[in-house]
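The residues making up each chain are set out below.
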Amino acid sequence: MSYQSPTTPMPHQTEALERIASRPSLPAPTNVFALLLDMGTGKSKIICDEWGASDFRNLIVIAPAGSYANWWMDRPEKPSELRAHLDPRLWEQGLTVAPWISGGGKHQRDAISRLLRARGRRVLVVNVEALSTVERAVDACLALASEGPTMCVVDESTRIRNPSASRTKAVIKIGSHCQARRIATGLVAPRSPLDVFSQYQFLDQRILGFNNYYAFRARYAVVEKKLMRGRHVPIVVGHRNVDELWQKMAPYSFRKRLEDCIRMPPKIYSMRTVELTSEQRRVYCEMRDDAISRIGEYFASSTLAITTMLRLQQILCGFVTTESGEIVKLPSNRDAEVVRILDEHRGKAIIWTAFDQSVRSIRDLLAREFGERSVATFWGGNRATRLEEESRFLSDTECKYMISTPQSGGLGNTWVVATLAIYHSNTYSLEDREQSEKRPYRRGQDKTVNIVDLVARGTLDEKVIKALRSKLEIAATIQGERVRDWLI
């Protein structure tokens, strides 16, 4: 059968397949490649087209829990990636697809058994989080890989950037049993150049030339020993030889930004200053200066610098966690500023926040101001209903506002119905920021997207944004591109 994709490839997708086909051979030929493509550029189609037209019988897709359903779950408003891009004749010939569903019980075991018994081509989709703790998920991948030529794809591969994590070790083990390996991500090094080690270790350790993380770190990081709690601990204080690192990666990588592939409307960045209330300022200054503050009958304190920063961010968002674990609300202007921005906007909007408590407080306020039907949420607290709420946001004209955390909603979702994104607060993760920005700004968006950050001047808000900017500059160097315009 001559493979025919049901969707026409864009020029950069054809170019990617040509680059994969012409990749240089390592000393022993190895079929590995990195698709460093922004969200919305169609990485999934490239993977489907390559596998569909190949002789590989099996495909293992490993993706984050927040987006892996996009690969296999057909919805009324959107077919799965596999359904949309694979030749329909593969399904007619008995293509079998099974997702790993944590806690699926007997139904899950039966689905995996049917997949392994199937005689035709087979696809197993696994959420990467399951590989951390569920041995049966790893065993299912290994069993499939042992029966015929297999391609293994790690989607959003920065999820395996930690070389000591059990999920990283499991993915590398699975990959070692597969004849072809691919990683796919838009930002391969969201925190530092050291992020690339495990991802390219999964592909082939010979690409970077290191099989030991600490030797790799010694080459590309500046490490100093600092005294912490009575012992000297190595701390990364800078990076070096970053250009050399990209030169090693480049022959086995294909990099494209969304703006390079598709004519997109502009993104407009702006900041809105939020004044602290007198009570917020008092608690913030006490926590900053003394790492302890009293709020009514409660105390909030911290013994570690990282916990102090967390408490300061909470205070800026209008609450704080006390020593006893209670959440105490503080008078704040931040949620009200969200309402003022939405009053100025005509259309749908996404509100991003780093904290679950903020999801609740913003939702309650917007429901009071605009009505219950106007608000949807997508976060860890509504896993059972969030796909239903997402569908309502996408299709119901009355549902105008989506409130989400970047960790839950920032991956894989297409929310181009929105033309405004408000950052109520940021995490320190550049990946969280980059991915969440792309939910409304991807293929299908034909309007200008406004991105607004809420900032309390002279506080940690500004330091978080500066830290993200610094990481953005490093990431651009690693991926061989210029630094794009951003907030600062």
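This section reports on the structure supplied with the text.

Rules and cut-offs
- For every chain, the first residue of the written sequence is number 1, and numbering continues from 1 onward in sequence order.
- At least 70 in pLDDT is required for a residue's local features to be given in this predicted model, at least 80 for side-chain atom pairs to be given and counted, and no such filter applies to totals for whole chains, interfaces and linings, which use all residues.
- With hydrogens and water stripped out, all remaining heavy atoms of the structure feed into the side-chain values.
- Per the convention used, a helix needs a DSSP run of H or I reaching at least four residues, while a strand needs a run of E reaching at least two, with both numbered from the N terminus.
- Atoms counted for the radius of gyration: C-alpha only. Globule rule: 2.2 Å times residue count to the power 0.38.
- We call a residue buried when its accessible area falls under 20% of the maximum for its residue type, exposed when it is over 50%, and partly exposed in between, using a 1.4 Å probe and counting protein chains only.
- It only takes one pair of heavy atoms within 4.5 Å for two residues to be counted as in contact.
- Here the accessible surface of atoms and residues is derived via Shrake-Rupley with a 1.4 Å probe, and residues count as covered only by protein chains that are part of the display.
- This count recognises Lys and Arg as positive and Asp and Glu as negative, with His and chain-terminal groups excluded.
- All charge positions are set by atom: Lys at NZ, Arg at CZ, Asp at CG, Glu at CD.
- For two strands to be treated as a pair, DSSP must find no fewer than two bridges joining them.
- Interaxial angle, 0 to 180 degrees, is taken between N-to-C directions of lines fitted to C-alpha atoms, where a helix line uses only the stretch in contact.
- Joining through side-chain atoms within 4.5 Å is the link that ties buried Ala, Val, Leu, Ile, Met, Phe, Trp, Tyr and Cys residues into a set, and such a set is a nonpolar core.
- When the centres of two rings from Phe, Tyr and Trp lie within 6.5 Å, Trp using its six-membered ring, the rings pair. Their planes under 30 degrees apart give stacked, over 60 give edge-to-face, and anything left gives tilted.
- Lysine NZ or arginine CZ positioned within 6 Å of the ring centre and within 35 degrees of the ring normal marks a charge as sitting over the ring.
- When an angle is under 35 degrees it counts as roughly parallel; over 145 it counts as roughly antiparallel; between 65 and 115 it counts as roughly perpendicular; any other value is oblique.
- Handedness of each helix crossing follows the sense of rotation of the near helix against the far helix: counterclockwise by less than a right angle gives left-handed, clockwise gives right-handed.
- Only one rule defines a salt bridge in this text: a Lys or Arg side-chain nitrogen within 4 Å of an Asp or Glu carboxyl oxygen.
- Polar contact is defined as a pair of N or O atoms within 3.5 Å, subject to the rule that within protein one atom must be able to donate a hydrogen and the other to accept it, and that residues adjacent in sequence are counted only when both atoms are side-chain atoms.

**Remarks on the overall build of the protein**
From N to C terminus, the protein includes 21 helices and 19 strands. Computed over the C-alpha atoms, the radius of gyration of the protein is 23 Å, within 12% of the 23 Å expected from 2.2 N^0.38 for a compact globule of 488 residues. With the C-alpha coordinates aligned to their principal axes, the bounding extent of the protein is approximately 70 × 55 × 45 Å. Considering the protein as a whole, with its 488 residues, one finds that 55% of them fall into the buried category. Within the protein, contacts between residues at least 6 apart in sequence are counted, and of these 72% link residues at least 24 apart. Carbon and sulfur atoms make up 49% of the accessible area of the protein, which amounts to about 21,200 Å² in all. Computing the positive centroid from 71 side-chain charges and the negative centroid from 57, the protein places the two 4 Å apart.

**Some remarks on the sheet that holds strand β15 (residues 348–352)**
Taken in spatial order, the six strands line up as β10-β19-β18-β15-β17-β16 in an open sheet, and their pairing is parallel. Edge positions in the open sheet fall to β10 (267–273) and β16 (375–378), since each of these has one partner strand only. When strand polarity is set aside, the average angle formed by the axes of neighbouring strands in this sheet is 20 degrees. Pairing geometry for strand β18 (residues 418–423) and strand β19 (residues 449–455), over four bridges, is parallel. Paired with Ile 422 across the strands is Val 452, a residue of β19.

**Section: the sheet that holds strand β9 (residues 253–256)**
Judged by pairing direction, the sheet is parallel, and its seven strands sit side by side in the order β3-β4-β2-β5-β6-β1-β9 without closing on themselves. A strand with exactly one partner marks an edge of an open sheet, and here the two such strands are β3 (96–99) and β9. Across the sheet, the axes of successive neighbouring strands diverge by a mean angle of 15 degrees, strand direction being ignored. Note: β3 against strand β4 (residues 122–127), four bridges, orientation parallel. Looking across to β4, one finds that Pro 99 is bridged to Val 125. Across the sheet, helix α1 (residues 11–21) lies against β1 (31–37), β6 (180–184) and β9, angled at about 165 degrees from β9, the strand it touches most.

**Description of the nonpolar core**
Ile 60, Leu 131, Ile 174, Val 196, Tyr 200, Phe 216 and Met 249 are the most contacted members of the largest nonpolar core, which totals 50 residues. Sorting elements by how many residues they give to this core places helix α8 (residues 135–145) first, with seven residues. In this structure Tyr 200 touches Ala 34, Leu 36, Ile 183, Val 188, Gln 205, Ile 207, Leu 208, Met 249 and Ser 253, once residues within four positions along its chain are discounted. Core analysis: the next-biggest nonpolar cluster, separate from the first, contains 27 residues, Val 61, Trp 71, Leu 95 and Val 123 among them.

**Quick notes on α8**
All of the buried residues along α8 are Ala 137, Val 138, Ala 140, Cys 141, Leu 142, Leu 144 and Ala 145. Here the buried face of α8 lies against β2 (58–63), α6 (105–117), β4, α7 (130–133), β5 (150–155) and α9 (166–176).

**Section: the packing of aromatic side chains**
Taken as a whole and assessed by the stated rule, the structure comprises 12 aromatic pairs. Aromatic pair Phe 370 and Tyr 401: ring centres 5.1 Å apart, planes at 55 degrees, arrangement tilted. Placement of Phe 370 in helix α17 (residues 356–370) and of Tyr 401 in strand β17 (residues 401–404) is noted, with a sequence separation of 31 residues between them. Across from the ring centre of Trp 91, 3.9 Å away, lies the NZ or CZ of Arg 83, which sits over that ring. The ring of Phe 393 carries the charged tip of Lys 348 above its face, separated from the ring centre by 5.3 Å.

**A closer look at unusual backbone geometry**
Positioned with a positive phi, Asn 241 is a non-glycine residue whose angle comes to about 55 degrees. Topologically, Asn 241 is positioned in the loop between β8 (231–239) and α12 (242–249). Its identity is not glycine, yet Ala 291 carries a phi of approximately 60 degrees, on the positive side. Assignment of secondary structure puts Ala 291 in the loop between α14 (278–290) and β11 (292–295).

**A closer look at the packing of helix α16 (residues 334–343) against α17**
In the contact formed by α16 and α17, the axes pass within 10 Å of each other and the chain directions differ by 45 degrees. Taken together, the axes of α16 and α17 lie oblique to each other. Crossing handedness for the pair α16 and α17: right-handed. When α16 is examined against α17, the residues Asp 335, Ala 336, Val 338, Val 339, Leu 342 and Asp 343 are found in contact with a partner set consisting of Ser 361, Ile 362, Leu 365, Leu 366, Glu 369 and Phe 370.

**Points about the pattern of salt bridges**
Enumeration over the complete set of coordinates arrives at 31 salt bridges. For Glu 437, the salt bridge identified is with Lys 267, shortest N-O distance 3.2 Å. Of this pair, Glu 437 sits in helix α20 (residues 430–437) while Lys 267 sits in strand β10, placing them 170 residues apart in sequence. Summarising the burial analysis for this pair, Glu 437 and Lys 267 share the class buried. Its salt-bridge partner being Asp 289, residue Arg 288 comes within 2.9 Å of it at the nearest N-O pair.

**Here we look at the side chain of Gln 199**
Position of Gln 199 relative to the elements: it lies in helix α10 (residues 196–203). Within polar-contact distance, the side chain of Gln 199 engages the backbone oxygen of Val 188 at 2.9 Å.

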